[in-house]
Amino acid sequence: IDESLPLSAPPKPSSNKTSGTGVLSQMKKKFSVFMKPHVKSSKTDAANRSHCEYAKLETQGNDSRHVEKKKPHKDPLLQLVSLQRASGSWLLDADLAAVLGKTREEVEKAKPGQAKQEVWTTILALIWLHGFKKDQKEEWELLSLKAALWLNDQNASFVPECVAAGNTLLACSVEIEALGI
C-alpha cells in the first residue's frame, strides 16, 4: 500500500450531470492511481530487466508509464517440435535451419545429390535430436519414432548418404541404427 496517497471518504454524488465530475468519473480517477505500474529498483531486478525490452505504452503530459515486455526465449527443442509436420517429417525453412545452427543455404548445399528434400531435413532433425538433445530423450522419443516411421514408409534411397552428410554438417557422429531407420 502506498502511504503517500491520501485516504478519503467516497465522493458524494454530484447533482450536476454535465460537469463530468460524477461518482463514476471520480472513481475512475482514483482507481487509475492504483493501476500505475510500479518500478522495481533492486539489483536483482535490474539484472532481470536486462533480459527484457521496454515498451513505452502511454504518455500523458509528464507522466510516462513503462511496462516490461519479455523477449521470447525460444528453446530450440520446442522450436523443432513445433516445426514437425503431422506426417512426422520436417520441411526445410529458415526456422528449421536456425534450430540446426545453420542457414537454409548451408543445409541445401550439404544435401546429397538425389535425396528428397523432406527426407534430408527429417534425417537432419533426427541427427540433431540424437546429437544435441540426448539428455532430454524422454521429451522427444515419440517425436523421433514418428519421424523414423515416416522415413521407413518413404522407402527413401540415399538414407546412409544423408546420415553421413548430416553428421558432417552438424558435426555429430550419430549412427544410422540409433535413428531407428
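Our structure is the block above this text.
Quick caveat, the model's predicted, so the values are computed rather than measured. (Residues numbered from 1 in each chain as written. Predicted model: local features only at pLDDT ≥ 70, side-chain atom pairs only at ≥ 80, totals over all residues. Heavy atoms only, no water.)

Quick question: what am I supposed to make of the side chain of Ser89 here?
Along the chain, Ser89 falls in the loop between helix 3 (76-83) and helix 4 (94-99). Residue classification places Ser89 among the buried residues on the basis of a relative accessible area of 0%. At a separation of 2.6 Å, a polar atom in the side chain of Ser89 contacts the side chain of Glu118. Setting aside anything within four residues of it in sequence, one finds Ser89 in contact with Leu83, Gln84, Glu118, Thr122 and Trp150. (Helix = DSSP H or I, 4+ residues; strand = E, 2+ residues; numbered from the N terminus. Buried < 20%, exposed > 50% of the residue type's maximum accessible area, 1.4 Å probe, protein only. Polar contact = N/O pair within 3.5 Å; in protein donor to acceptor, adjacent residues only side chain to side chain. Contact = heavy atoms within 4.5 Å.)

Help me understand the packing of aromatic side chains, please; the structure alone is not making it clear to me.
The geometry of an aromatic ring pair is captured by the separation of the ring centres together with the interplanar angle, meaning the angle of the planes. Following the criterion strictly, the structure yields 1 aromatic pair and no others. Relative to Phe132, the ring of Trp128 has its centre 6.2 Å away and its plane inclined at 35°; by these criteria the two rings are tilted. Within this pair, Trp128 and its partner Phe132 are both found in helix 6 (residues 117-132), separated by 4 residues, close to a single helical turn. (Phe/Tyr/Trp six-rings, centres within 6.5 Å; stacked < 30°, edge-to-face > 60°.)

Looking at this model, I keep getting lost on a negative patch on the surface. Mind explaining?
Among the surface-exposed residues, Asp135, Glu138, Glu139 and Glu141 lie close enough to one another that they form a single negatively charged patch. Along the polypeptide, Glu141 turns up in helix 7 (residues 137-153). (Patch = residues over 30% accessible without salt bridge, like charges linked within 9 Å, V, L, I, M, F, W, Y side chains within 5 Å. Areas by Shrake-Rupley, 256 points an atom, 1.4 Å probe, with all protein chains shown as cover. Salt bridge = Lys/Arg side-chain N within 4 Å of Asp/Glu carboxyl O. Lys, Arg positive; Asp, Glu negative; His and termini not counted. Charge placed at Lys NZ, Arg CZ, Asp CG, Glu CD.)

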